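Descriptive analysis of the structure
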Amino acid sequence: METQSIFIRHARIIDPSRQLDRVGDLLLGGGEILAAGRLGVDRIPDGAIVINGLGLVASPGFIDLHCHLREPGFEYKETIAAGSRAGAKGGFTTLCCMPNTDPPIDNAAVVDYIRQRARQDSLIRILSIGCVTKGRKGLELAEMEELANAGVVAFSDDGDPVYDANLMRLALTYSSDLGLPISNHCQDRSLSCNGVMAEGSVATHLGLDGIPAAAEEAMIARDIALAESTGGRLHVAHLSTAGSVPLVREAKERGLPVTAEVCPHHLTITDQWVLGGKGEPRASAGSLAYDTATKVYPPLRAQRDVDALIQGLADGVIDCIATDHAPHDITSKQVTYQDAAFGISVLETALGSLLQLVHGKKLSMGALVDRLTNGPAKVLGESYADLASMQPGTAADVVLFDPEEDWTVDTSEFESKGRNTPLEGTKLKGRVVATFSGGNMVYQGPGLRFEESRARV
Ligand code: NCD
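Just so you know, these numbers come straight off a predicted model, no measurement behind them.

Running from N to C, helix H1 (residues 80-89) and helix H2 (residues 108-121) cross one another at 60°; their axes reach a closest spacing of 9 Å. Judged by the angle between their axes, H1 and H2 are oblique. The crossing of H1 and H2 is right-handed. Residue-level contacts link Ile 80, Ala 81 and Ser 84 of H1 to Ile 114, Arg 117, Ala 118 and Asp 121 of H2. Tallied by class, residues from the contact of H1 with H2 come to 4 nonpolar, 1 polar and 2 charged.

Structure representation (structure tokens):
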């Protein structure tokens, strides 16, 4: 199908893969990026849709290395269709879905099933992550080569760590042959025990079992040692503690094939939010005693952890931002804190939350865009480099966002089936205006301004 040409005028074009950051025009046509730069009105093709990009940022579509689309098996929490709409609304054009599905993604048939569903239902690119162990049970390795041949882009038992060190060592050995990363959910369960939130004064105040930082750091240290001895590619999923950052930094300084991601919530909110007062030191009268929407793996932590993660992201020690979008049904969260499911629905709030870091001058706009596009593309490897490029000839996967638009999070407007976010009712600054996938406009926000088409006769 012919896609209509789209001409975006006067946007701030940021393409971290080419160190490009300047105001210009962008021409999309035939599903590809045709030109970017100071093009001028003469380059507007007949009949093109013309968009006024003044004040907007145009960048490659965001790539999420870590999200839960719940299909097959948990369609009451999320589907590929709803998750892809949520992704498009959040500015994402590529989502990598985790294998904690039912059945889990531990064989080629499930990878094929997801590919088929995505082809039918998804507006954007969906890539699968295969299990490290059969059934995610942690007992024996999955058929990693079969999964690699079927097209998975990484391996993970996410939701659970690969607990057995020898299995992790074997998995890393295979991963070095297959050229794919192992994304490990680093959590030493003998330390986290029955913990439901970060260890600290808030957990003590609420009488909830805490998860110590060492539960994460001990396993990251173990995995780095295993990556060093095997040469396998380790990707550390959702970093959450201040102490995890130097572990990754030192591994990189020693030249080890280690990469890491951090989630928007670990960069922007703390365990104070568990109290139900949206970060206010004390829950205000009438607010909840606690908010189960804050329950997530790894847990929300202290401000010093948040500060260290932001610094690690700004320095490039942490390669990318991944959402860990973990949608849940209402009944999984309308229970006690101990019984609530772990997970936050993130795709639609990610950009708005992250822009706080830019507005607060903690991260440059270029670095933010890099960590949402080029950073994750590099983790995926050379064959995915084009996903983060706005070079002419590459697929027109583009997001257009207004960094200044004020809006209030209203989960009744979510595309995701998961309404489980502690950000409900909070004000954010910055929102996606339009998302293009393969040149098709897959999301059009209220802020999109069209100019009169300049069709010439
Ligand atoms: C994830 C989920 O719901 O699948 N939840 C989460 O809190 N991140 C899996 C996980 O436990 O990591």
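Don't stop here, the text continues.
Moving on to the sheet that holds strand S12 (residues 234-236). Spatially, the 4 strands line up as an open sheet ordered S9-S12-S13-S14, and their pairing is parallel. With partners counted over all chains shown, the strands left at the sheet margins are strand S9 (182-184) and strand S14 (320-321), one partner each. Across 3 bridges, S12 lies against strand S13 (residues 258-262) in parallel orientation. Looking at S13, one finds that Leu 234 is bridged to Val 258.

Next up on the list: the pairing of strand S3 (residues 32-37). Pairing between strand S2 (residues 20-29) and S3: 5 bridges, direction antiparallel. Each residue of the ladder has a partner; that of Gly 29, found in S3, is Glu 32. Between S2 and the antiparallel strand that follows it, S3, lie 2 residues; Gly 30 among them carries a positive phi value of about 60°.

Bringing the site of the ligand into the picture now. Taken together, 13 residues form the shell around the ligand, and within it Arg 70, Asn 100, Tyr 297, Asp 324 and Gly 343 come nearest. His 328 is positioned with one of its side-chain polar atoms (N or O) 3.1 Å from an oxygen atom of the ligand. Contacts to the ligand include Phe 342, whose backbone N or O atom sits 3.1 Å from a nitrogen atom. Protein contact buries 94% of the 310 Å² of open area that the ligand shows by itself.

This paragraph deals with the nonpolar core. By size, the foremost hydrophobic cluster in this structure holds 88 residues, and its most contacted members are Ile 126, Leu 239, Val 258, Leu 267 and Phe 401. Among the elements that line this core, the one with the most residues is helix H11 (residues 350-359), at 6 residues. Apart from residues lying up to four places away in sequence, Leu 239 is in contact with Glu 216, Ile 220, Ser 244, Val 245, Val 248, Ala 260, Glu 261, Val 262, His 266, Leu 309 and Ile 318.

Enumeration over the complete set of coordinates arrives at 5 aromatic pairs. On the numbers, 6.2 Å between centres and 55° between planes, the contact of Phe 62 with Phe 401 is tilted. Placement of Phe 62 in strand S6 (residues 62-67) and of Phe 401 in strand S15 (residues 398-408) is noted, with a sequence separation of 339 residues between them. Residue class for Phe 62 comes out buried when judged on its relative accessible area of 1%. Considering the side-chain rings of Tyr 297 and Phe 342, the 3.6 Å spacing of their centres and the 5° angle between planes classify their relative orientation as stacked. Remark: Phe 342 occurs in the loop between S14 and H11 and Tyr 297 occurs in the loop between helix H9 (264-268) and helix H10 (303-315); sequence separation between them is 45 residues. Residue class for Tyr 297 comes out buried when judged on its relative accessible area of 17%.

This part covers the pairing of strand S17 (residues 440-444). Pairing between strand S16 (residues 427-437) and S17: 4 bridges, direction antiparallel. Its bridge partner lying in S17, Phe 436 is registered against Met 441. Counted between consecutive antiparallel strands, the loop separating S16 from S17 contains 2 residues, among which Gly 438 sits at a positive phi close to 55°.

How each quantity is defined
Residues numbered from 1 in each chain as written. Predicted model: local features only at pLDDT ≥ 70, side-chain atom pairs only at ≥ 80, totals over all residues. Heavy atoms only, no water. Axes fitted to C-alpha atoms, helices over the stretch in contact; angles between N-to-C directions. Helix = DSSP H or I, 4+ residues; strand = E, 2+ residues; numbered from the N terminus. Parallel < 35°, antiparallel > 145°, perpendicular 65-115°, else oblique. Left-handed = near helix turned anticlockwise from the far one by under 90°. Contact = heavy atoms within 4.5 Å. Nonpolar A, V, L, I, M, F, W, Y, C, P; charged D, E, K, R; others polar. Pairing = 2+ DSSP bridges. Near = heavy atom within 4 Å. Polar contact = N/O pair within 3.5 Å; in protein donor to acceptor, adjacent residues only side chain to side chain. Areas by Shrake-Rupley, 256 points an atom, 1.4 Å probe, with all protein chains shown as cover. Core = buried A, V, L, I, M, F, W, Y, C linked by side-chain atoms within 4.5 Å. Buried < 20%, exposed > 50% of the residue type's maximum accessible area, 1.4 Å probe, protein only. Phe/Tyr/Trp six-rings, centres within 6.5 Å; stacked < 30°, edge-to-face > 60°.

Remember, this is a structural readout, not a statement about activity or role.
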